[in-house]
Amino acid sequence: MDTLGVSTDAVALRLGVQAELDAVLARQRALLAEVGPQTTGLVDAVADLVRGGKRLRPAFSAWGYRSAGGEDRAVEARVGAALELFQAAALIHDDVMDGSDTRRGMPAVHRRFGDLHAGSGWRGSCERFGEAAAILAGDLCLAWSDEAFAGCGADVERLTAARVVFDRMRTQLMAGQYLDVQEQASGGTPGAEEHGDDVERALRVLRWKSAKYTVEHPLLIGAALAGAGPEHREALSAYGLPLGEAFQLRDDVLGVFGDPSVTGKPTGDDLREGKRTMLVALAVRHGDAEDLALLESSLGAPDLDEDGVAALQDLVRRTGALDAVETLIDDLVRRSRTALAQAPVTAAAREALGELVGVATARTS
């Protein structure tokens with residue numbers, strides 16, 4: 001099954017998005033060359049990162065656009081490229097905040113630049129240099145994303161309507177990222193209780209950090225570019241929000257139990273990073289005193305070894321947290337499919353969006 005939906009249009013969209021990304025980066029490479037040859041490393045790092053990924057956001061944007069009658073494939077590809085660049089910014093900054101070593105099977109961008117510093121024998125901290133360079137690379141992606149979106153070639157009135165969603169998506173993603181950082185710092189402490197219990201807070205984080213900007217917002221951006229009315233947009237939201245939440249829950253499961261050869265990250269990486277995911281929240285809710293002591297001592301330990309990861313994986317299974325999350329994913333998928341069945345979209349869009357439910361929540365993706 002192709003990530004982007006049905007028919008040969010899926011391949012064309014994927015190729016079109018990559019061609020737009022290549023064109024954007026070629027222009028930016030020439031622009032940065034005026035500053036100095038050293039800056040081309042920033043473009044190289046971004047280029048390597050955006051060659052990977054599932055292209056989910058361009059897919060949802062494209063089918064949101066087509067579901068409301070959109071037909072301009074060039075607009076689809078340019079908007080898809082803008083979304084991929086925004087995703088790249090989020091990933092680069094997220095890896096800095098989490099101290100992640102890898103992304104998509106490659107060194108995370110801050111590690112890449114840290115290695116450059118170390119290998120060049122430069123002065124100062126290679127870690128600090130790597131983080132600084134990655135922050136700047138992520139900032140560049142944000143700027144390039146905005147340029148690509150503004151220049152997508154859509155009708156001005158419809159582009160203005162889509163810009164409202166695009167801007168909301170970017171602002172809310174940043175706020176959701178802050179919730180995630182705060183949760184790792186304060187989760188499980190008395191000071192965090194005023195904001196709800198662990199499960200409620202975990203749901204809030206996944207909704208605002210990932211679910212909306214992965215599925216719902218791209219759908220609504222595409223629909224706005226095609227001139228969709230309120231009823232159509234509401235139907236897409238009813239389909240997209242539960243699917244986005246199911247997507248992030250699946251990602252959380254893979255972050256604890258996933259195969260590194262598939263996920264591109266070490267098994268249990270979320271445990272080493274101390275992610276307060278729904279799995280952890282449910283384990284806290286249902287665990288005994290011994291379980292809570294293990295979580296307190298091991299969750300977020302950067303040097304957590306394979307035995308430590310295995311012990312926490314066992315805890316998540318034994319407390320029923322894994323089964324509960326799988327049940328929640330199934331329920332969210334049912335809600336999404338029910339909403340799609342009732343949505344006023346074309347038959348082709350319904351088929352493609354139905355396939356994307358499976359792609360977004362696959363147990364091995």
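For clarity, every value in this text was computed on a predicted model and none was experimentally measured.

1. Comments concerning the packing of helix H1 (residues 9-33) against helix H4 (residues 73-98)
- Put simply, H1 and H4 touch, their axes get as near as 8 Å, and they point 60° apart. Between H1 and H4, the angle falls in the class oblique. Where H1 crosses over H4, the handedness of that crossing is right-handed. Seen from H1, the contacting residues are Asp-9, Leu-13, Gly-16, Val-17, Glu-20, Leu-21 and Val-24; seen from H4, they are Arg-73, Glu-76, Ala-77, Arg-78, Gly-80, Ala-81, Glu-84 and Leu-85.
- For the contact of H1 with H4, the per-class residue count stands at 7 nonpolar, 2 polar and 6 charged.

2. Describing helix H14 (residues 306-318)
- End to end, H14 covers 18 Å across 13 residues, agreeing with the expected 18 Å (1.5 Å per residue, within 8%).
- Of all the positions in H14, only Gly-308, Val-309, Leu-312, Gln-313, Leu-315 and Val-316 are classed as buried. Down the axis of H14, the buried set is contained in an arc of 155°. They therefore lie on one face. Set apart from the buried face of H14 by more than 90 degrees, the exposed residues are Glu-306 and Asp-307.
- Here the buried face of H14 lies against helix H9 (230-257), helix H11 (269-272), helix H12 (278-286), helix H13 (289-298) and helix H15 (321-342).

3. Remarks on a negative patch on the surface
- A cluster of acidic side chains, namely Asp-303, Asp-305, Glu-306 and Asp-307, defines a negative patch on the protein surface.
- The residue Asp-303 is located in the loop between H13 and H14 in this model.
- According to the relative accessible area criterion, Asp-303 is exposed, its value standing at 66%.

4. Concerning unusual backbone geometry
- The backbone of Arg-55 sits at a positive phi, close to 60°, despite the residue not being glycine.
- The backbone phi angle of Arg-104 is positive, close to 55°, even though this residue is not glycine.
- As for its position among the elements, Arg-104 is in the loop between strand S1 (102-103) and strand S2 (106-107).
- For Arg-104, a relative accessible area of 27% corresponds to the partly exposed category.

Procedures and definitions
- Residues numbered from 1 in each chain as written.
- Predicted model: local features only at pLDDT ≥ 70, side-chain atom pairs only at ≥ 80, totals over all residues.
- Heavy atoms only, no water.
- Axes fitted to C-alpha atoms, helices over the stretch in contact; angles between N-to-C directions.
- Helix = DSSP H or I, 4+ residues; strand = E, 2+ residues; numbered from the N terminus.
- Parallel < 35°, antiparallel > 145°, perpendicular 65-115°, else oblique.
- Left-handed = near helix turned anticlockwise from the far one by under 90°.
- Contact = heavy atoms within 4.5 Å.
- Nonpolar A, V, L, I, M, F, W, Y, C, P; charged D, E, K, R; others polar.
- Expected span 1.5 Å × (residues − 1).
- Buried < 20%, exposed > 50% of the residue type's maximum accessible area, 1.4 Å probe, protein only.
- Arc of directions from axis to C-beta.
- Patch = residues over 30% accessible without salt bridge, like charges linked within 9 Å, V, L, I, M, F, W, Y side chains within 5 Å.
- Areas by Shrake-Rupley, 256 points an atom, 1.4 Å probe, with all protein chains shown as cover.
- Salt bridge = Lys/Arg side-chain N within 4 Å of Asp/Glu carboxyl O.
- Lys, Arg positive; Asp, Glu negative; His and termini not counted.
- Charge placed at Lys NZ, Arg CZ, Asp CG, Glu CD.

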